[in-house]
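What the coordinates show
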Amino acid sequence: MLTIGYLAKKTGTKVQTIRYYEQVGLMPEPGRTDGGQRRYGNAELDRLSFIRHARQLGFSLDAIRELLDLSDHPARSCEEADAIARRQLKQVEQRVARLEVLRLELERMIEECSGGRAADCRVLEVLRDHSECLTDHEGIGT
């Protein structure tokens, strides 16, 4: 049987995060020793590794819950997992597009800055007045 510390170290997940995953039902309640220490098996290690990797890929906890449910029922169709992954890909593509807009706007601001006094700073001027921006990036970073 494995300790929570071992699971944390093996997967790169904080102990508090593992406990949180237990609280929200992503990880099953572990068995306990007579002294009350949590004990896990290889199945829990695999499940935590799955959750950790899905989080690294940006999946929400709800999406991970759906994927785990599919994983727990191997006879079900893979179409649902594919749809969840496609949703995630679309969200990533949208974020990349928003970040590209931000990158272009920041580059423009920096290029237009003369490096003189703060009173004449183009960066500060653009930040004060959104209408000075060439791109619509409203809602990004809020």
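Everything below is about the structure printed above this text.
Just so we're clear, the structure is a prediction, and the values are computed from it rather than from any experiment.

Here the focus is the pattern of salt bridges. The full count for this structure, using the stated rule, is 10 salt bridges. A salt bridge links Arg76 to Glu80, with the shortest nitrogen-to-oxygen separation between them at 2.8 Å. Glu100 serves as the salt-bridge partner of Arg103, at 2.5 Å between the closest nitrogen and oxygen. One end of the pair, Arg103, and the other, Glu100, are both in helix α5 (residues 79–112), three residues apart, so they sit about a helical turn from each other. Residues participating in the shared-partner salt-bridge network are Asp69, Arg76 and Glu80.

For helix α2 (residues 15–23), the set of buried residues is Ile18, Tyr21 and Glu22. Seen end-on, α2 carries its buried residues on one side only, within an arc spanning 105°. α2 presents Gln16 and Gln23 as exposed residues on the side facing more than 90 degrees away from its buried surface. Packed against the buried residues of α2 are α1 (4–11), β2 (38–39), α3 (42–56) and α4 (61–72). In the stretch just after α2, Gly25 is the one whose phi turns positive, near 85°.

In this section: α5. A rise of 1.5 Å per residue sets the reference length of α5, with its 34 residues, at 50 Å; its end C-alpha atoms lie 50 Å apart and thus fit the reference within 8%. All of the buried residues along α5 are Ile84, Gln88, Glu105, Arg108 and Met109. On the buried face of α5, the contacting elements are α4 and α6 (122–128).

A general trend in soluble globular proteins is that nonpolar side chains are found buried together. If you look at the biggest cluster of nonpolar residues, it comprises 20 residues, and the most contacted ones within it are Leu7, Ile18, Ile51, Phe59 and Ile64. Elements that contribute at least two residues to this core include exactly α1, α2, α3 and α4. By residue number, the principal contributor to this core is α4, which donates five residues. Beyond its immediate chain neighbours, meaning those up to four positions away, Ile64 contacts Leu26, Ile51, Ala54, Arg55 and Phe59.

All right, on to the packing of α3 against α4 then. At a minimum axis separation of 10 Å, α3 and α4 run at an interaxial angle of 140°. Comparing the axis directions of α3 and α4 gives the class oblique. Both α3 and α4 take part in a crossing whose hand is right-handed. Contacts between α3 and α4 involve Arg47, Phe50, Ile51, Ala54 and Arg55 from the former and Leu61, Ile64, Leu67, Leu68 and Asp72 from the latter. For the contact of α3 with α4, the class distribution of residues is seven nonpolar, no polar and three charged.

Looking now at the side chain of Arg108. Within the secondary structure, Arg108 is located in helix α5. Among the polar contacts made by the side chain of Arg108, one reaches the side chain of Glu105 at a distance of 2.4 Å. Leaving out residues up to four positions away in the same chain, Arg108 has contacts with Arg122, Val126, Glu132, Cys133 and Leu134.

The rules behind these values
Residues numbered from 1 in each chain as written. Predicted model: local features only at pLDDT ≥ 70, side-chain atom pairs only at ≥ 80, totals over all residues. Heavy atoms only, no water. Salt bridge = Lys/Arg side-chain N within 4 Å of Asp/Glu carboxyl O. Helix = DSSP H or I, 4+ residues; strand = E, 2+ residues; numbered from the N terminus. Buried < 20%, exposed > 50% of the residue type's maximum accessible area, 1.4 Å probe, protein only. Arc of directions from axis to C-beta. Contact = heavy atoms within 4.5 Å. Expected span 1.5 Å × (residues − 1). Core = buried A, V, L, I, M, F, W, Y, C linked by side-chain atoms within 4.5 Å. Axes fitted to C-alpha atoms, helices over the stretch in contact; angles between N-to-C directions. Parallel < 35°, antiparallel > 145°, perpendicular 65-115°, else oblique. Left-handed = near helix turned anticlockwise from the far one by under 90°. Nonpolar A, V, L, I, M, F, W, Y, C, P; charged D, E, K, R; others polar. Polar contact = N/O pair within 3.5 Å; in protein donor to acceptor, adjacent residues only side chain to side chain.

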